[in-house]
Structures are given as C-alpha cells and as structure tokens.
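# Descriptive analysis of the structure
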Amino acid sequence: MNVNSNASIIEVQDLTRVFGNFTAVDRISFEVRRGEIFGFLGANGAGKTTAIRMLTGLLIPTSGRAEVAGFDVFTHPESIKKNIGYMSQKFSLFNDLTVFENLRFYGGIYGLSTRDIRHKTDELLERLDLAGVRDRLIRDLPLGWKQKLAFSTAVIHEPAIVFLDEPTGGVDPITRRQFWDLMYETADRGTTVFVTTHYMDEAEYCDRVSIMVDGRIDALGTPAGLRKTYGAKNVDEVFVKLARGGSV
Amino acid sequence: MSVTVKNIVKNHGDIRALRGITFEVTEGELFGLIGPDGAGKTTLFHILTTLLLPDEGDAHVLGIDVIAGFRNLRRRIGYMPGRFSLYPDLSVEENLSFFATIFNTTVEENYHLIQDIYHQIEPFRKRRAGDLSGGMKQKLALSCALIHKPDILFLDEPTTGVDAVSRREFWDMLGRLRVSGLTILVSTPYMDEASRCDRVALMDRGEILSVNTPAGISREFGRPLYSVTSGRRYELLKALRACTHAHSVFTFGDEVHYTDLREDFRPEMLESYLQQLGFDDVRIEQITPGVEDTLISLMSTQDTRDPIGDDNHGHKEGTNDGYNPAIKDS
C-alpha cells in the first residue's frame, strides 16, 4: 500500500445501511486524510456505531461506496481488518495475561514474526512508560494504564488508521489528557486517528470533526470552522444545535 | 442533615476502595460526587443504600443508621444504579407498576411525581424495556426510582455513556426535582456537570479531596490561571511544557491552561518566550479556574501514592510518570 501524504486514507461516498425498514446510516459522504485526527461525533442512536462497523469491515453496507486504507469495504473487508487498528470502549484485553503476553497475543493475531513482536513490544512499552509493569497481570493495573495498553495492542502492527471508540470514558482528567497526547504523537507519525467521544471538549482537539444526526452527517469541518458557521462558542453548542434542532 | 457520613472505610480485598470518607448533605440539596472510575463513588452509594457494610465508620441517611435501620431506610430511599437494572423482558409500564407494587403503592397514586419525566416515554409504554434507547432507559429507570415517593434519591452515574444533549436534558430534570424539595445525591465522571449541583465532593482513589460549592471549588485553585491559544496546538503544548518556569500545563478543548512558578509573572513574559519560538498568533488571558482545573491540581499534589492503592507491591509509579510536566513542586 502506497499512500502519499495528501491522499485520503478513508473515502466514503453515499454510504448507506438499512436494517429492515430502518435506515441506520443514510448516504453519508466524507474523506479522512492521512495523519489526521478525525472526530466522529453524534448523539446516541445517530448511527455512529453502524458507520464504524462498515468502515472496519465488520458489516457490509447496503449501498454506496467506501475505501479504507485503499481497500473496498464490499470486496476486501478482510484486507481492511489487517490494515487498521481498533480499540473499543471495553478494552479487549485478557485480565489473566500479563502486559507483555497481551501484546504478544495481538502481535500474533496480526501475523507479526516473533522477532518483530519482541522488537515492537519493547518499543511500545518504552514509549508508553509501561516497561515497569511488563510482567504484571492486567487485572492488577489501574484503568488509565489498561487504556494505554489497549491502545498499544491496537497499533502494534503499525496500521494506517486506528479507530478509537470512546477511548476515554470514565478515566480521570489527567489520564484523559495523557491519552490525547498519545493520539497527537500517533498522528504526528502519520497514523490516522478516527475517534468517537462524548466529551465535547475533546472534539476541540481534533483536526476535523463530523456530527451525525439521524443517520446523516449534518456538519463536517474544523472545530474553529464549525464554531464560526453555527455562531457557537464551542463544539458543544454546535452539537446541541444540530442534535435537537436548536432547542435548549 | 439528610446524610451524615463519618470516617467510612471499605476494602475490597487488596483494594482500598474508601479510605476514610466524611461529609454531610443537607435536606433539599442537589449534591454531586465527582470523580473518575475507581474513585469509590459506587462503593459509597452501596453503603448509603444499605447494600454493603462498611469496614469502619458510620453513616446515617434521613437520620437512620444505614446498618441498624436498613429495613426502614430501604422503604424511604430511591436508588438508580449505574448499570441498567430494570427487567428487559417487561414492558415500560410493567416495570413501573412492578416497582410501585413492591413498595405497596400504585402508579396512579404517585403519578404526579414522575409525570414530567414519564410522559416523554409514555408513547412507548408497551415496548419491552430492553428495546429502549439509552436515553429512554435512563428516563424509565429514574421514573422507577421515584414511583414510591422516596425522601432521598441516589443516582449512580446516570449520565455515563449518554450523549451531550441527553445529559443536559437529564440535568434539567434533576433541577426540577430539586425544586420540589427532594434531596438528591448524584455521582458523575463528567466535571462539567459539577456546575449543576448545589455542592460537590471531588473524589479520587477512595478519598474526598474537597467538598464545596462549584464557585468555592474554583476559588480553591489558588494560583492565577491563564488560557493560552495558538493555531499550532500540539507545538504550543510542547513549547509550554518545555518552559522552565511552567508550573502546570494542561489542554482544555482548544486552549492550554497554564500556571507559572514565578512570583512576578506577567503574561507578556510568556508571550515573548513563545514569540522567540516562532509563535506569532498566541493569545494569553487570565481566566477563572473551573472544577476540572481544581481537581487536576488536587490530584497532582497526591500523585506520589501507589496508583493501585496496595502499598505492599512496592511499585511507586505515579499515574503521571513520564508526563512532562504535570505539576512541578514549587
């Protein structure tokens, strides 16, 4: 895969998903650029999860077109899965394995060689300040550290894009900021970060954000651009205006 | 006093969930317990709602001892747990009448208490509770917690995982309940919700760091706080952290909140430092600290402690390790 720095890493055109007579995602179109931190916002039930499941190759769309990391979501969902990282709110870590064992497991899943796993693991543990807890069981770690580790397992295979689904729920305000540092660093190295969050202040940290309402993308732009367009003080106000048609 | 808590200690095995909690809540107050996961909020609620025995200390709710008087107390409290705990296979109205029945009352008798909230989900009263959206589940759970006319309401993280708009609506509902004179204790990990409370307790790792009004919490910050902005946000953050006079540097949305170690600090000093580094669009202004600023500051002064809370492990990594700078000692 050869992607130059201006290219889109995600291209979505009129992507739609229908369940029975309910249209969960309704002809959404957008692009995400390489190395960008892209915030994917929306109220509960707006269709974010369905959209993310299509972009990560887990759900075949009803119609439209989408390419992720150069692969078509209809024809090559398995190639997409190999080239992206995914971290869910629930952290898919094994509580009874150590920090190192979890990394080794995910490295193996992504097909890394034993040598690469050792090398990448050392590098990640060093960079994320987890070297001191390499051999501790996951269940003994505080939430903030689990979160950093869950992030590490999502990027161990150096994916082009990492999808983060509400990665900072429930963590303390200092840890939450450390996690955003990690995202900045990751984007700085060229990995695209696609993130959902309910913390509206975090939306301000993104390069661009989109806001989904009832299956559609009703707004897309830089936080500053959206504030200006909607005459709002912050993205929170933009969100409230869109999600409830101006009431509140 | 509606709630009196003295030196409550609770350990879960090795984990010191509550390390000596003391506070009071007056009648009719909307009182917030604010803190991240692991602060001890749920454990505290379990003790106050008579579901869990403390290891040490004592607690009274509505003047009743939570241990000796648990039977009486259970009739008089409303409790909405953090996890959705209604019957998913029962319909909306079946859930509501179930909870009314076990408290020997009827939906009709106390309908006026829940009308404001329940009418929003009434069109779906035949739907299975398990099929409701997140926001509707939350409204049903609140209705079920209120239907027996409790004298005090405990809400454990009612807004976690709920979108920003539904969160606002929920707090609007709580505001209206508060006007009716009901005492409400509510826990949340969202700092911005503190401003909706009469008073809040900031909690972290089993301790209360401060109890105050939202405005009082801001005054506890104790240093001049500056907001710094630039179009080059990440570079700005790194430059501020590299400044030898920086006391604290934290991102807040598109701003960086900054405090300085120097007694004679003026914003122009920082401006010229940043200009030398090539920032030509910097804006610096002094601002009033918020609850989140104060919590971060209080947490940072505590971070020499073992993060797991088990001092026998001998690990001394604070959660701020490698974070440059979190807050420097001054």
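Looking now at the overall build of chain A. Within chain A, the regular secondary structure consists of nine helices and 10 strands. Relative to the 2.2 N^0.38 estimate, which gives 18 Å for 248 residues, the radius of gyration of chain A is 18 Å and therefore close to what a compact globule would have. With the C-alpha coordinates aligned to their principal axes, the bounding extent of chain A is approximately 50 × 40 × 35 Å. Residues classed as buried in chain A amount to 56% of the 248 residues present. For chain A, the share of sequence-separated contacts (at least 6 apart) that also reach a separation of at least 24 residues comes to 66%. Distance from the positive charge centre (30 side chains) to the negative charge centre (32 side chains) of chain A: 2 Å.

Below, the discussion takes up the overall build of chain B. What chain B contains, in helices and strands, is 10 helices and 14 strands. In chain B, which comprises 330 residues, the proportion classed as buried is 53%. Contacts spanning at least 24 positions in sequence make up 69% of the contacts within chain B whose residues lie at least 6 apart. Summed over its atoms, the accessible surface of chain B is roughly 14600 Å², and 47% of this surface lies on carbon and sulfur atoms. For chain B, the distance from the average position of its 36 positive side-chain charges to the average position of its 49 negative side-chain charges is 3 Å.

Before going further, it helps to spend a moment on the packing of aromatic side chains. For the structure on display, the rule yields 19 aromatic pairs over all chains. Each ring, one from Tyr184(A) and one from Tyr234(B), has its centre 4.8 Å from the other, and the planes form 25°; the classification is stacked. Here Tyr184(A) is found in helix H6 (residues 173–188), whereas its partner Tyr234(B) is found in helix H8 (residues 233–242) on a different chain. In this pair, the class of Tyr184(A) matches that of Tyr234(B), namely buried. Sitting over the face of the ring of Phe279(B), Arg232(B) holds its NZ or CZ atom 4.4 Å from the ring centroid.

Once that is clear, we can look at the sheet that holds strand S13 (residues 255–260) of chain B. Residue and element names in this part refer to chain B. The antiparallel open sheet is built from four strands, whose spatial order is S12-S13-S11-S14. In this open sheet, the two edge strands, each paired with only one partner strand, are strand S12 (246–252) and strand S14 (283–287). This sheet shows a mean twist of 25° between the axes of neighbouring strands, independent of strand direction. Here strand S11 (residues 225–229) runs beside S14; their pairing, made up of five bridges, is antiparallel.

Residue and element names in this part refer to chain A. Counting buried positions along strand S7 (residues 161–165) gives five out of five residues, so the element sits mostly inside the fold. The side-chain alternation of S7 yields two buried faces, one formed by Ile161, Phe163 and Asp165 and the other by Val162 and Leu164. By the bridge criterion, four bridges tie strand S6 (residues 84–87) to S7 in an arrangement that is parallel. Residue pairing across strands places Met87 opposite Leu164, the latter belonging to S7. As paired elements, S7 and strand S8 (residues 192–196) share five bridges and run parallel to each other. Within S8, the position partnered with Leu164 by the bridge is Val195. Considered for its hand, the β-α-β crossover made up of S7, H6 and S8 is right-handed.

This paragraph deals with the side chain of Glu202(A). All names here are of chain A. Topologically, Glu202 is positioned in helix H7 (residues 200–203). Relative accessible area serves as the criterion here: at 1%, Glu202 is assigned to the buried category. Side-chain polar atoms of Glu202 contact the side chain of Thr197, separated by 2.8 Å.

It is worth spelling out the pattern of salt bridges at this point. This structure, assessed with the given rule, holds 39 salt bridges over all chains. Across the salt bridge formed by Glu169(B) and Lys139(B), the nearest N and O atoms sit 4.0 Å from each other. Here Glu169(B), found in helix H6 (residues 164–179), pairs with Lys139(B), found in helix H5 (residues 134–146); they are 30 residues apart in sequence, far enough to count as distant. Ionic pairing is found between Asp198(B) and Arg178(B), a salt bridge with its closest N-O pair at 2.8 Å. Within this pair, whereas Asp198(B) is found in the loop between strand S8 (183–188) and strand S9 (199–204), its partner Arg178(B) is found in helix H6, the two being separated by 20 residues in sequence. For Asp198(B), a relative accessible area of 24% corresponds to the partly exposed category. Bridged by salt links that share partners, the residues Arg176(A), Arg177(A), Asp201(A), Glu202(A) and Glu292(B) form one connected network.

With 41 residues of chain B at the contact, the number on the chain A side is 38 residues. Contact between chain B and chain A buries roughly 3500 Å² in total, counting both sides, with carbon and sulfur atoms accounting for 55%. At the junction of chain B with chain A, the criterion picks out six salt bridges. With a closest N to O distance of 3.1 Å, Glu292(B) and Arg177(A) form a salt bridge.

A few words on the sheet that holds strand S4 (residues 56–61) of chain B. Residue and element names in this part refer to chain B. Taken in spatial order, the four strands of this open sheet run S2-S1-S4-S5, and their pairing is antiparallel. Since the sheet does not close on itself, it has two edges, and those belong to strand S2 (15–25) and strand S5 (64–65), each with one partner. For strand S1 (residues 3–12) and S2, the ladder comprises eight bridges, and the chain directions are antiparallel. Counted as the bridge partner of Val9 is Arg19 from S2. Strands S1, S2 and S4 of the sheet are contacted by helix H1 (residues 41–48), whose axis makes an angle of about 60° with S2.

When its domains are assigned, chain B resolves into domain 1 (3–218) and domain 2 (223–288). Each of domain 1 of chain B and domain 2 of chain B has a C-alpha centre, and these two points are 40 Å apart.

This paragraph deals with a nonpolar patch on the surface. Residues and elements named next belong to chain A. A cluster of nonpolar side chains, Phe94, Phe105 and Ile109, forms an exposed patch at the surface whose accessible area comes to about 280 Å². As for its position among the elements, Phe94 is in the loop between S6 and helix H3 (99–109). On the basis of relative accessible area, Phe94 is assigned to the partly exposed category, the value being 39%.

Cut-off values and rules
- Residues numbered from 1 in each chain as written.
- Chains lettered and ligands numbered in written order.
- Predicted model: local features only at pLDDT ≥ 70, side-chain atom pairs only at ≥ 80, totals over all residues.
- Heavy atoms only, no water.
- Helix = DSSP H or I, 4+ residues; strand = E, 2+ residues; numbered from the N terminus.
- Rg over C-alpha atoms; globule rule 2.2 N^0.38 Å.
- Buried < 20%, exposed > 50% of the residue type's maximum accessible area, 1.4 Å probe, protein only.
- Contact = heavy atoms within 4.5 Å.
- Lys, Arg positive; Asp, Glu negative; His and termini not counted.
- Charge placed at Lys NZ, Arg CZ, Asp CG, Glu CD.
- Areas by Shrake-Rupley, 256 points an atom, 1.4 Å probe, with all protein chains shown as cover.
- Phe/Tyr/Trp six-rings, centres within 6.5 Å; stacked < 30°, edge-to-face > 60°.
- Lys NZ or Arg CZ within 6 Å of the ring centre and 35° of its normal.
- Pairing = 2+ DSSP bridges.
- Axes fitted to C-alpha atoms, helices over the stretch in contact; angles between N-to-C directions.
- Right-handed = clockwise from strand over helix to strand, strands pointing away.
- Polar contact = N/O pair within 3.5 Å; in protein donor to acceptor, adjacent residues only side chain to side chain.
- Salt bridge = Lys/Arg side-chain N within 4 Å of Asp/Glu carboxyl O.
- Buried area = accessible area lost by both parts, 1.4 Å probe.
- Domains from an automatic or database assignment.
- Patch = residues over 30% accessible without salt bridge, like charges linked within 9 Å, V, L, I, M, F, W, Y side chains within 5 Å.

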